[in-house]
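# Descriptive analysis of the structure
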Amino acid sequence: MIGTGLLWVGWLGFNGGSALGANSRAVFAITATHLAASSGALTWMFLEWWTRGKPSVLGMITGAVAGLGTITPASGFVLPWHGVIIGVIAGAVCFWACTWLKRRLGYDDSLDVFGVHGIGGATGTLLTGVFAVAALSASPDTPGSSGLLEGNPRQVLIQLYGVVAVLIWSGALTYILLKVIAFLIPLRVSQQHEIEGLDVTQHGEALQ
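Quick look at the structure, then. Since the model is a prediction, treat every value here as computed from it, not as a measurement. (Residues numbered from 1 in each chain as written. Predicted model: local features only at pLDDT ≥ 70, side-chain atom pairs only at ≥ 80, totals over all residues. Heavy atoms only, no water.)

## A word on helix 2 (residues 24–52)
Over its 29 residues, helix 2 runs 42 Å from end to end, which matches the ideal 42 Å to within 8%, given 1.5 Å per residue. Structurally, the start of helix 2 carries an N-cap: the backbone nitrogen of arginine 25 is 3.2 Å from a side-chain oxygen of asparagine 23. Note on helix 2: the residue one or two positions beyond its end, glycine 53, has a positive phi of about 90°. (Helix = DSSP H or I, 4+ residues; strand = E, 2+ residues; numbered from the N terminus. Expected span 1.5 Å × (residues − 1). Polar contact = N/O pair within 3.5 Å; in protein donor to acceptor, adjacent residues only side chain to side chain.)

Here it is, written out as structure tokens:
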């Protein structure tokens with residue numbers, strides 16, 4: 001809870017500071033960020049309540065981080081009420097990724113970094129192309145970037161191109177780096193060591 005609180009407050013400065021000035025665009029970015037985190041937390045809570053019978057604090061703070069990560073590409077380009085919608089989508093999509101998709105693909109992700117930040121970031125990047133409001137990013141030199149709701153469906157394709165480019169670039173480099181590391185040292189510990197816990201088997205933590 002403390003860590004998420006620190007992230008939440010810091011994220012307001014992160015997204016608001018991207019406007020490079022204390023202006024109305026920064027205010028919109030901060031407000032949309034806060035609302036996305038709030039709606040992401042509530043959405044995750046209700047989904048967990050529905051599927052597991054009760055919500056959890058861990059689920060709520062994970063939903064909040066999902067909302068923060070998903071609104072980040074769009075902050076400064078969308079209105080505050082768009083942040084609410086993006087947060088709801090973030091909570092639902094990231095919940096699905098951290099539960100069903102993770103079990104389906106069987107990948108290791110103890111902290112759900114891919115499910116929250118990877119899936120959330122890609123979703124937010126695509127939703128920027130949907131909700132972008134030209135007036136927010138307009139300047140005396142440029143007309144601003146409009147999205148699908150303002151009659152510019154091409155922006156969604158541009159955002160999709162960015163997602164695919166990042167996926168290929170980061171995926172390929174990660175694969176190469178892991179192969180190099182695997183050539184030098186094992187990438188995985190034994191199943192028994194996983195069961196015992198890595199703090200004990202790998203780091204020598206003493207149990208009193």
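## Brief notes about the pattern of salt bridges
Counting across every chain of the model gives 4 salt bridges. In this structure, arginine 188 engages aspartate 108 in a salt bridge whose closest nitrogen and oxygen atoms are separated by 3.1 Å. Taken as a pair, arginine 188 in the loop between helix 7 (154–184) and helix 8 (191–196) and aspartate 108 in the loop between helix 4 (80–105) and helix 5 (113–131) lie far apart in primary sequence, 80 residues in all. Using a relative accessible area of 51% as the deciding quantity, one classes arginine 188 as exposed. Glutamate 194 is paired through a salt bridge with arginine 188; the nearest N and O atoms lie 2.7 Å apart. Exposure remark for glutamate 194: the relative accessible area of 40% places this residue in the partly exposed category. When salt bridges that share partners are traced, they join Asp108, Arg188 and Glu194 into one network. (Salt bridge = Lys/Arg side-chain N within 4 Å of Asp/Glu carboxyl O. Buried < 20%, exposed > 50% of the residue type's maximum accessible area, 1.4 Å probe, protein only.)

## Section: the nonpolar core
In summary, soluble globular proteins display a tendency toward joint burial of nonpolar side chains. Formed by Ala32, Ala36, Ile71, Ala74, Val78, Ile86, Leu127, Val130 and Phe131, the largest nonpolar core amounts to 9 residues. Among the secondary structure elements, those contributing two or more residues to this core are helix 2 and helix 5. The biggest single contributor to this core is helix 5, with 3 residues. Apart from the residues lying within four places of it in its own chain, the contact partners of valine 78 are Phe28, Ala32, Ile71, Phe131, Ala132 and Leu136. (Core = buried A, V, L, I, M, F, W, Y, C linked by side-chain atoms within 4.5 Å. Contact = heavy atoms within 4.5 Å.)

## Topic: the state of the cysteines
Summed over all chains, the structure comprises 0 disulfides. In this structure cysteine 94 is a free cysteine whose sulfur lies 6.2 Å from that of cysteine 98, the closest cysteine sulfur available. Accessibility expressed as a relative area gives 0% for cysteine 94, which makes it buried. (Disulfide = S-S within 2.5 Å.)

## A few points about a nonpolar patch on the surface
Together, Trp169, Leu173, Tyr175, Ile176, Leu178, Val180, Ile181, Phe183, Leu184, Ile185 and Leu187 make up an exposed nonpolar region whose accessible area comes to about 1,200 Å². Looking at tyrosine 175, the relative accessible area reads 54%, which means it is exposed. (Patch = residues over 30% accessible without salt bridge, like charges linked within 9 Å, V, L, I, M, F, W, Y side chains within 5 Å. Areas by Shrake-Rupley, 256 points an atom, 1.4 Å probe, with all protein chains shown as cover.)

## With respect to the side chain of serine 75
The residue serine 75 is located in the loop between helix 3 (57–71) and helix 4 in this model. On the accessibility criterion, serine 75 (8% relative accessible area) is buried.

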